[in-house]
Structure formats: structure tokens, C-alpha cells
Amino acid sequence: MEAPAALTARVVTLFVVCALGQVGGSLMLGKTAGFTHPGWSAVCALTYAVSLWALATLIREGGPLSLLMPILAATVPLVVILIAVFVQGEPASWPRLGLLTLACAVIGVSGTL
């Protein structure tokens, strides 16, 4: 088993590419019309592919899967929720946003214990 990857600029960049790819792919899903629109479907699939490449590269270079996945599982939904509500105008009450934020925080923190 390899030693965990140090927190270098490359590790941070790969993590950001992975997270942004998942956020971008999630936000594009509606544009694909259930993957019936070829152009948006291709862009969405490519976005997810780049994200998965970054995650695979992180893991290959020694990144701890047991730490990366909970952080992604907390970060990606939270960012998508915030963009959906504050940029795309989806309705959400403050209690709903608070509970979703708390749930994401619990997932993220539990992965570091």
C-alpha cells in the first residue's frame, strides 16, 4: 500500500478538477434531455469522464479513497444545491437549506474520523 499523497498543488488541482467536473456534469444533466440531445449528452459525458480521470489519478498517486469520497460526497451536492437555488432560482426554504448543509457537513466530517 502506498503512502498517502501529500497536499501538493497537483493534488489540490486534481481534486478541484474532480469536484468541478462532477458539479458541472450534474448541472448539465437537464440539458441532455434524458441523454436524447446528442450535443449536450456528449459534453456532459466528457465532463464526467474528466472528473473520473482526475479521481482515478488521485487514487493512483496515493490519495486515500476513504477520505476523498466523503469529501466529494459532501462538497459536490452542497455546491450543486447552492447553484440551483441562488443562480438557477430553484425554490428552497432556509430550513431545507440548513438541513441539507448539515447533512453534507456530517458526511464530510465523518469521513475524516
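Fair warning: this is a prediction, and the values are worked out from it, not measured in the lab.

Quick notes on the rules
- Starting afresh in each chain, residues are numbered from 1 along the sequence in its written order.
- Local features in a predicted model are, by the rule used here, given only for residues with pLDDT of at least 70; side-chain atom pairs are given and counted only at 80 or more, and totals for whole chains, interfaces and linings are based on all residues.
- Hydrogens are left out, water is left out, and the side-chain values use all remaining heavy atoms of the structure.
- Think of each axis as a best-fit line through the C-alpha atoms, taken over the contacting stretch in the case of a helix, with angles from 0 to 180 degrees between the N-to-C directions.
- A helix here means a DSSP run of H or I that spans at least four residues, while a strand means a run of E at least two residues long, and both kinds are numbered starting from the N terminus.
- To sort the angles, those under 35 degrees are grouped as roughly parallel, those over 145 as roughly antiparallel, those from 65 to 115 as roughly perpendicular, and the leftovers as oblique.
- Two helices crossing with the near one rotated counterclockwise from the far one by less than a right angle form a left-handed crossing, whereas a clockwise rotation gives a right-handed crossing.
- Throughout, a contact is declared for two residues whenever any of their heavy atoms are within 4.5 Å.
- Three classes are used, and their members are as follows: Ala, Val, Leu, Ile, Met, Phe, Trp, Tyr, Cys and Pro are nonpolar, Asp, Glu, Lys and Arg are charged, and the others, Gly among them, are polar.

Caption draft 1: Structural view of the packing of helix 2 (residues 38–60) against helix 3 (residues 65–86). Axis separation between helix 2 and helix 3 bottoms out at 10 Å; the angle between their running directions is 150°. As far as their axial angle goes, helix 3 and helix 2 are roughly antiparallel. Crossing handedness for the pair helix 2 and helix 3: right-handed. Residues L55, L58 and I59 of helix 2 lie in contact with helix 3, whose contacting residues are L65, L68, M69 and L72. The residue inventory of the contact of helix 2 with helix 3, partitioned by class, reads 7 nonpolar, no polar and no charged.

Caption draft 2: Region of interest: the packing of helix 3 against helix 4 (residues 94–110). In contact at an axis separation of 7 Å, helix 3 and helix 4 are set at 160° when each is read in the N-to-C sense. Put simply, helix 3 runs roughly antiparallel to helix 4. As for the relative orientation of helix 3 and helix 4, their crossing is left-handed in sense. Within the contact between the two elements, helix 3 uses P70, A73, A74, P77, L78, I81, V85 and F86 and helix 4 uses W94, L97, L100, T101, C104, I107 and G108. Residue classes in the contact of helix 3 with helix 4 are distributed as 13 nonpolar, 2 polar and no charged.

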